[in-house]
2 protein chains.
Amino acid sequence: MDKCDWCNLSEEDKQFQVYESKCWSVFLSDEQDYIGRCILVLKRHCNSMSELTGEEWEELHNLVCKVEACLKAVLGATLCNWSCLMNSFFKDAAPNPHLHIHVRPRYDKPVMLNGNTYTDSEFGHHYGLNKSVAISDNDKEEVFNQLKEWMNR
Amino acid sequence: MDKCDWCNLSEEDKQFQVYESKCWSVFLSDEQDYIGRCILVLKRHCNSMSELTGEEWEELHNLVCKVEACLKAVLGATLCNWSCLMNSFFKDAAPNPHLHIHVRPRYDKPVMLNGNTYTDSEFGHHYGLNKSVAISDNDKEEVFNQLKEWMNR
């Protein structure tokens, strides 16, 4: 769709693409408030979960399994928090949401990256909103490379 | 599973059951911070989205469509926020989560029930955590009856 930013991602937008299937792309999120947080974006413009085709829904299941397995294997995630919200689109006068799904890995133990320690201080509780992002560029790159490698083995 | 409360719901627990399919139950949530908020509970003990069978996943899609259509038709919801979190189970020493999915309808206009007005004051933003619940018992009963009737037409 012409006017949708999510339908017209630039190469820069795609630099943190971890994986691509027929119908979906997986990106490492800009926000790394939870280490390894990703976003699953449908490659077709679609407004809501209800409008997914059978094929897109089935592929989503495969992707959920693969991403959960990856976050557990690579980063030691204890569980994953999944959400499909799309609230921000509704600030517009003419909302035109593009379907995407957030996954936040949650950790009962600290994650170690290049000697730095990242703790999920809300473990056992709802994920925090507006957490300050503390990850270094170097550690983000490391997470990206590890997830991408595992997902594309 | 013997030790799981969600596998052994009492008749009292089920009093706000809106709908039942082969694999899933839909309940009106105790929390009505967003009017019509529901919870989809798998009827089988299962720890995570990854472990859903093909049949359960396919039925979930039908249910997502049906619940979204219901919340839009009955209550005038603008969109729905979907989430699968399960954090609370991980407060236990031996976590044994039972798969469930939250749906919070979001509203760009106030919802009217029996002359009372309910406003989604965070519309366009992430749902609020720990909102004070303001709905009356009477209005909750009204929402339950309307959703149940629509879902079982």
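Quantities reported herein were computed from a predicted structural model and do not represent experimental measurements.

Calculation criteria
Residues numbered from 1 in each chain as written. Chains lettered and ligands numbered in written order. Predicted model: local features only at pLDDT ≥ 70, side-chain atom pairs only at ≥ 80, totals over all residues. Heavy atoms only, no water. Contact = heavy atoms within 4.5 Å. Buried area = accessible area lost by both parts, 1.4 Å probe. Salt bridge = Lys/Arg side-chain N within 4 Å of Asp/Glu carboxyl O. Polar contact = N/O pair within 3.5 Å; in protein donor to acceptor, adjacent residues only side chain to side chain. Helix = DSSP H or I, 4+ residues; strand = E, 2+ residues; numbered from the N terminus. 1 Å grid on protein atoms, 1.4 Å probe; cavity = no way out; pocket = protein on both sides within 12 Å on 5 of 7 lines; lining within 4 Å. Points joined across faces, edges and corners; volume = space filled by probe spheres on them. Nonpolar A, V, L, I, M, F, W, Y, C, P; charged D, E, K, R; others polar. Core = buried A, V, L, I, M, F, W, Y, C linked by side-chain atoms within 4.5 Å. Buried < 20%, exposed > 50% of the residue type's maximum accessible area, 1.4 Å probe, protein only. Axes fitted to C-alpha atoms, helices over the stretch in contact; angles between N-to-C directions. Parallel < 35°, antiparallel > 145°, perpendicular 65-115°, else oblique. Left-handed = near helix turned anticlockwise from the far one by under 90°. Phe/Tyr/Trp six-rings, centres within 6.5 Å; stacked < 30°, edge-to-face > 60°. Lys NZ or Arg CZ within 6 Å of the ring centre and 35° of its normal. Least-squares fit on C-alpha atoms with pLDDT ≥ 70 in both.

If you had to explain the interface of chain A and chain B to someone new, which residues and values would you point to?
Contacts between chain A and chain B engage 32 residues on the former and 32 residues on the latter. Both faces combined, the contact of chain A with chain B buries some 2800 Å², and carbon together with sulfur accounts for 62% of it. Together, Trp57, His61 and Asn87 of chain A form the three largest contributors to the area buried by chain A at its contact with chain B, with a combined 23%. Across the chain A-chain B interface, the total number found is 0 salt bridges. On inspection of chain A and its partner chain B, the count reaches 15 residue pairs in polar contact (both at pLDDT 80 or more). Looking at the side of chain A that touches chain B element by element, the count peaks at 7 residues for helix α1 (residues 54-75) of chain A.

I'd like a rundown of empty space enclosed by the protein, residues and numbers included.
If a probe the size of a water molecule is rolled over the atoms, the empty space left behind becomes visible. Scanning the model with the defined rule gives 3 cavities of 30 Å³ or more in all. Considering only enclosed or pocket space, the largest cavity measures out at about 180 Å³ in volume. Listing elements by their share of the lining of the largest cavity, those giving two or more residues are α1 and β4 (79-84) of chain A together with α1 (54-75) and β4 (79-84) of chain B. The wall of the second largest cavity is formed by Val18, Val26, Cys38, Val67, Cys70, Leu71, Leu147 and Met151 of chain B. For the lining of the second largest cavity, the secondary-structure elements that each account for two or more residues are α1 and α2 (137-151) of chain B. In terms of residue count, the dominant contributor to the lining of the second largest cavity is α1 of chain B (3 residues). Its residues assigned to classes, the lining of the second largest cavity shows 8 nonpolar, no polar and no charged.

Which residues make up the nonpolar core, and what values go with them?
One broad rule of soluble globular proteins: the nonpolar side chains tend to lie buried together. Counting residues in hydrophobic clusters, the biggest one holds 88 residues, and the most contacted among them are Trp24 and Trp82 of chain A together with Trp24 and Trp82 of chain B. Those residues in contact with Trp24 of chain A that lie beyond four places of it in its chain are Leu40, Val41, Leu42, Lys43, Leu52, Glu56, Glu59, Leu60, Leu63, Leu99 and Ile101 of chain A. Among the nonpolar cores identified, the runner-up in size contains 6 residues, and Tyr34 and Tyr127 of chain A together with Tyr34 and Leu85 of chain B belong to it.

Quick one: what's the story with the packing of α1 of chain A against α1 of chain B, residue by residue and with numbers?
Packed helices, taken two at a time, are described by the angle between their axes plus the distance between the axes. Packing of α1 of chain A against α1 of chain B leaves a shortest axis separation of 10 Å and a crossing angle of 120°. It follows from the interaxial angle that α1 of chain A and α1 of chain B lie oblique. The crossing of α1 of chain A and α1 of chain B is right-handed. Together, Trp57, Glu58, Leu60, His61 and Val64 of chain A of α1 of chain A and Trp57, Glu58, Leu60, His61 and Val64 of chain B of α1 of chain B make up the contact between the two elements.

Any chance you could break down the packing of aromatic side chains for me, citing the residues and the numbers?
Here the structure, examined in full by the defined rule, presents 7 aromatic pairs over all chains. On the basis of an interplanar angle of 50° and a centroid distance of 5.8 Å, the ring pair of Trp6 of chain A and Phe89 of chain A is categorised as tilted. Within this pair, whereas Trp6 of chain A is found in the segment before β1 (17-20), its partner Phe89 of chain A is found in the loop between β4 and β5 (100-106), the two being separated by 83 residues in sequence. In this structure Trp6 of chain A comes out as partly exposed when scored by relative accessible area, which is 27%. With a centroid separation of 4.5 Å and 20° between ring planes, the pair formed by Trp57 of chain A and Trp57 of chain B is classed as stacked. Here Trp57 of chain B lies in helix α1 and Trp57 of chain A lies in helix α1, a pairing that spans two chains. Judged on exposure class, the residue Trp57 of chain A and its partner Trp57 of chain B are both buried. The ring of Tyr127 of chain A carries the charged tip of Arg104 of chain A above its face, separated from the ring centre by 3.6 Å.

For the relation of the copies chain A and chain B, give the residues involved together with the corresponding values.
Superposing chain A onto chain B takes a rotation of 180° plus a shift of 0.0 Å along the axis, which leaves an RMSD of 0.0 Å. Taken together, the rotation angle and the small translation identify this as a two-fold axis. Considering only C-alpha atoms, the part of chain A nearest the rotation axis is Ser83 of chain A, at 2.1 Å. Comparing interface residues between copies, 100% of those in chain A also sit at the interface in chain B, which points to an isologous, same-surface contact.

As far as function goes, none of this settles anything; it's purely spatial.
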